[in-house]
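Survey of secondary and tertiary structure
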Amino acid sequence: MFRQASRFLMNRSSAATMRWRRPFSTEPPVETAVDSKFFDAWKQTIPNIDPPKTPSAFMKPRPPTPSTIPSKLTVNLALPYNSLVSAKEVDMIIVPATTGQMGVLPGHVATIAELKPGVLSVHDGNEVTKYFLSSGFAFIHANSVADIIAVEATPLDQIDPTLVQKGLAEFTQKLSSASSDEEKAEAQIGVDVHSALNAALTG
């Protein structure tokens, strides 16, 4: 009986998985997906209130992947509270991935990269704009669009080297005098970020 019950549950689980599975693809959607089942269920339950909008409802549909490699890379740099770069067409970017510096050109394969504290370089002809990123993720899409999502980002030319040196000294002192694991972890993060800042300014 128990064998039959487990087989029954596995069959139901497999059927549910197949029913709700969405096709995997690195291609960005050309049109915003709409969950019609959710909206139908909402209208039946609460007919007097409009259903809530999901974040994807506010996004412009991305263009389809071109058949040929475009000459420019479209870059977006967003923070939780601000947008520093929006749909800017450039020649190349270099992102501070945890695996090392990663250059991205038009036609780059679709990639997701975790970012470490470091410099994002945006190359447009002879002009190079640099931003210091604390951490985040880079989403490289197959249609030559790069979305850089950072926790904090600041143009490198707006950073005061004196304050960086002061912060590095303070966090180094905190790390040497930390007594708990939490204090050591917080101090180590401060040392890592300020060391990366110092390297970006002096390198």
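Residues numbered from 1 in each chain as written. Predicted model: local features only at pLDDT ≥ 70, side-chain atom pairs only at ≥ 80, totals over all residues. Heavy atoms only, no water.

- An unreviewed UniProt entry lists the chain under the name ATP synthase subunit delta, with Abeliophyllum distichum as the source organism.
- Check the Sequence similarities (unreviewed entry) section of the UniProt entry for the chain; it says "Belongs to the ATPase epsilon chain family."
- One UniProt comment on the chain, placed under Subcellular location (unreviewed entry), says "Mitochondrion inner membrane". (UniProt positions renumbered as here; feature names shortened; annotations may be inferred.)

1. Side note on the overall build of the chain
- In terms of helices and strands, the chain carries four helices and 10 strands.
- Along the chain, helices and strands appear, N-terminal first, in the series α-α-β-β-β-β-β-β-β-β-β-β-α-α.
- For the chain, the proportion of its 203 residues judged to be buried stands at 27%.
- Contacts in the chain between residues far apart in sequence, at least 24 positions, make up 52% of those at least 6 positions apart. (Helix = DSSP H or I, 4+ residues; strand = E, 2+ residues; numbered from the N terminus. Buried < 20%, exposed > 50% of the residue type's maximum accessible area, 1.4 Å probe, protein only. Contact = heavy atoms within 4.5 Å.)

2. Regarding helix α4 (residues 181–202)
- Over its 22 residues, α4 extends 31 Å from the first C-alpha to the last, a length consistent with the 32 Å expected when each residue adds 1.5 Å.
- In this structure, the buried residues of α4 make contact with β6 (118–124), β7 (127–133) and α3 (161–177). (Expected span 1.5 Å × (residues − 1).)

3. Considering unusual backbone geometry
- Not every positive phi belongs to a glycine, and Ala 87 is a case in point at roughly 50°.
- Residue position: Ala 87 is located in strand β2 (residues 83–90).
- Overall, Ala 87 belongs to the exposed group, its relative accessible area being 52%.
- Its identity as a non-glycine residue notwithstanding, Ser 144 has a phi of 65°, on the positive side.
- Take Ser 144: it is sitting in the loop between β8 (136–140) and β9 (145–150).
- For Ser 144, a relative accessible area of 3% puts it in the buried group.

4. Quick word on the nonpolar core
- Ile 93, Leu 120, Leu 133 and Ile 148 are the most contacted members of the largest nonpolar core, which has 23 residues in total.
- Look past the residues within four positions of Ile 148 in its chain and what remains in contact with it is Asn 76, Leu 77, Ala 78, Ile 93, Val 95, Leu 115, Leu 120, Leu 133, Phe 137 and Ala 138.
- The next biggest cluster of nonpolar side chains, apart from the first, holds eight residues, and it includes Phe 132, Val 164, Leu 197 and Ala 200. (Core = buried A, V, L, I, M, F, W, Y, C linked by side-chain atoms within 4.5 Å.)

5. Notes on the packing of aromatic side chains
- For the structure shown, the criterion picks out one aromatic pair.
- Measuring from ring centre to ring centre gives 6.4 Å for Phe 137 and Phe 139, while their planes differ by 35°; the resulting arrangement is tilted.
- We note Lys 174 situated over the ring of Phe 171; from NZ or CZ to the ring centre the distance is 5.0 Å. (Phe/Tyr/Trp six-rings, centres within 6.5 Å; stacked < 30°, edge-to-face > 60°. Lys NZ or Arg CZ within 6 Å of the ring centre and 35° of its normal.)

6. Structural notes on the packing of α3 against α4
- Contact geometry of α3 with α4 gives a least axis separation of 8 Å together with a crossing angle of 150°. Relative to α4, the element α3 is oriented roughly antiparallel. The two elements α3 and α4 meet at a crossing, and its hand is left-handed. From α3, Pro 161, Val 164, Gln 165, Gly 167, Leu 168, Phe 171, Thr 172, Lys 174 and Leu 175 reach across to α4, where they touch Lys 184, Glu 186, Ala 187, Gln 188, Gly 190, Val 191, His 194, Ser 195, Leu 197, Asn 198 and Leu 201.
- In terms of residue class, the contact of α3 with α4 is built from nine nonpolar, eight polar and three charged. (Axes fitted to C-alpha atoms, helices over the stretch in contact; angles between N-to-C directions. Parallel < 35°, antiparallel > 145°, perpendicular 65-115°, else oblique. Left-handed = near helix turned anticlockwise from the far one by under 90°. Nonpolar A, V, L, I, M, F, W, Y, C, P; charged D, E, K, R; others polar.)

7. With respect to the pattern of salt bridges
- On inspection of all chains with the given rule, the structure shows two salt bridges.
- Lys 72 is the salt-bridge partner of Asp 91, the closest N and O atoms lying 2.7 Å from each other. With Asp 91 in the loop between β2 and β3 (92–97) and Lys 72 in the loop between α2 (36–45) and β1 (73–78), this pair connects stretches of sequence that are 19 residues apart.
- For Lys 72, a relative accessible area of 27% gives the class partly exposed.
- The partner of Asp 124 in a salt bridge is Lys 72, and the shortest N-O contact between them spans 3.3 Å. Placement of Asp 124 in strand β6 and of Lys 72 in the loop between α2 and β1 is noted, with a sequence separation of 52 residues between them.
- Residues joined in a network through salt bridges with shared partners are Lys 72, Asp 91 and Asp 124. (Salt bridge = Lys/Arg side-chain N within 4 Å of Asp/Glu carboxyl O.)

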